[in-house]
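Coordinate inspection notes
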Amino acid sequence: MIAAAVIAVLALAAAAFVLAPLFRPDALEAERAAKALSAEEDLHARYGMAVAALRDLEEDRATGKIGDADFAAQEAELQARALELMKQIDERAAGRA
Amino acid sequence: MTTPALAARALTRRFGAREALSALDLTVGAGEALALFGGNGAGKTTLLKLAAGLLRATSGSIEVEGKDPRKGAPQARAAIGYLAHRTLLYDDLTPFENVRFAATMYGLSDPVKRAREALDAMGLSHRGDDPVRTLSRGLQQRAALARTLVHRPRLLLLDEPTTGLDRESAVLLVAAVRDAVGAGAAAIMATHDVEAGLAAAKHWIVLERGRPVASGDASRGERP
């Protein structure tokens, strides 16, 4: 019984020693920054895709691949998506400033 | 069971009265490439835009790595690389500057190194410091693919990537896609170029008016 208690205490002490750096303010800050960067990376990638798709759409209409009705429907949706992503990027940038 | 890179179930998209994609079921796993063939209006580009989260499905569902591609998730960060037929390059910058800019924007840890590696992979190092506007269409598209691949996306969506390319550039582009797939990425390539599509992808389907009308395995010599 006493041996088990001693082992448990030693295991807890070892775990605390190993995990302590993760709970220091600088480590938490680094982790928060990494997560924020990941989200920002994702938003930029999505925004780039929306802009690329809009450019292609214009070309598709110019070359007759799609008609005016399809163009209008897709342009509005793609523009709305690009603006939505731009707004999210701006909000993140403002949050960092 | 492993979550597929892309899974579409009864995926439908209408534009007004026209059904661009009709109840499509499709699964593409990690490390797999799929070529999408079909004429104009077949639904190829619509499928890519839905997969990229740029358009909403009218009905049915589409998931990238088990998630709605319109919703960002930290674990699915920048999972998608989308190469359109018009490039997103800045004409007055060099390919290196363009790719480094993208690498920086994506928050990569060593953007200079990653940009150089991406340009090397596309055989573009020798023109990496010339302004984009001085490059041929083929070299510009190679630079665009380097930009698309620089953050090592896990799902590549390629819309007519070989249009206007000379054969050497098309071969290099296909090789880069195969490399990415060999490294574990999934790829979907919409193309009119049957040879490039079959060289890039093991599996293929033909879409017609939003529905698959034929499919096959290029490794068994099956052709559309």
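Coordinates for the structure precede this section.
All of these numbers come straight from a predicted model, not from anything done at the bench. For every chain, the first residue of its written sequence is number 1, and the numbers climb from 1 along that sequence. Chains and ligands are labelled by the order in which they are written, letters from A for the one and numbers from 1 for the other. In view of the model being predicted, local features appear only for residues whose pLDDT reaches at least 70, and side-chain atom pairs are presented and counted only at 80 or more, with totals across whole chains, interfaces and linings using the full set of residues. Excluded from the side-chain calculations are hydrogens and water; all other atoms, namely the structure's heavy atoms, are used.

Residue and element names in this part refer to chain B. For each structure, a 1 Å grid was placed over the protein atoms alone; sets of points admitting a 1.4 Å probe that cannot get out are labelled cavities, open sets with protein on both sides within 12 Å along at least five of seven lines are labelled pockets, and lining residues have an atom within 4 Å of a point. Grid points are joined across faces, edges and corners, and a volume is the space filled by probe spheres set on the points. The calculated volume of the largest pocket comes to roughly 330 Å³. In terms of lining, the largest pocket is formed by 16 residues, of which the most central are Ala121, Leu149, Arg152, Ala176 and Ala180. Note on conventions: DSSP H or I runs of at least 4 residues are helices, E runs of at least 2 residues are strands, and numbering of each starts at the N terminus. Those elements that place two or more of their residues in the lining of the largest pocket are helix H3 (111-121), helix H4 (137-149) and helix H5 (167-182). In terms of residues, the lining of the largest pocket owes the most to one element, H3, which gives four residues. Its residues assigned to classes, the lining of the largest pocket comprises 11 nonpolar, no polar and five charged. For this scheme, ten residues count as nonpolar: Ala, Val, Leu, Ile, Met, Phe, Trp, Tyr, Cys and Pro. Four count as charged, namely Asp, Glu, Lys and Arg, and the remainder, Gly too, count as polar.

In this approach a probe as big as a water molecule rolls over the atoms, and the regions it shows empty are the leftover space. Summed over the entire model, instances satisfying the criterion amount to four cavities of 30 Å³ or more. Roughly 210 Å³ of internal volume is contained in the largest cavity. Residue lining of the largest cavity: 19 residues in total, with Ile66 of chain A together with Gly41, Gly43, Thr45 and Thr46 of chain B positioned closest to the centre. Contributions of two or more residues to the lining of the largest cavity are made by helix H2 (25-62) and helix H3 (68-96) of chain A together with strand E2 (18-28) and helix H1 (44-51) of chain B.

This paragraph deals with H1 of chain B. All names here are of chain B. Note on classification: 1.4 Å probe, protein chains only; a residue is buried when its accessible area is under 20% of the maximum for its type, exposed when over 50%, partly exposed between these limits. H1 sits mainly inside the fold: eight of its eight residues count as buried. Every buried residue of H1 is accounted for by Lys44, Thr45, Thr46, Leu47, Leu48, Lys49, Leu50 and Ala51. A positive backbone phi angle near 75° is found at Gly53, which sits one or two residues after H1.

Below, the discussion takes up the sheet that holds strand E5 (residues 80-83) of chain B. Residue and element names in this part refer to chain B. Overall, mixed pairing links the six strands, which are arranged E5-E6-E7-E3-E8-E9 in an open sheet. Looking along the sheet, the strands with just one partner apiece sit at the ends: E5 and strand E9 (211-217). Mean inter-strand twist for the sheet, computed between neighbouring axes without regard to direction, equals 15°. The rule for pairing is simple: two strands pair if DSSP sees at least two bridges between them. Where E5 meets strand E6 (residues 155-159), four bridges bridge the pair, whose relative direction is parallel. Counted as the bridge partner of Ile80 is Leu155 from E6. Residues count as neighbours in contact if any of their non-hydrogen atoms are within 4.5 Å of one another. To get an axis, a line is fitted to the C-alpha atoms, and for a helix only the part in contact is used. The angle between two axes follows their N-to-C directions and goes from 0 to 180 degrees. In the packing of H1 onto the sheet, the strands contacted are strand E3 (33-37), E5, E6, strand E7 (186-190) and strand E8 (203-208), and the crossing angle to E6 comes to about 150°.

Everything listed here is a matter of geometry and, on its own, says nothing about what the molecule does.
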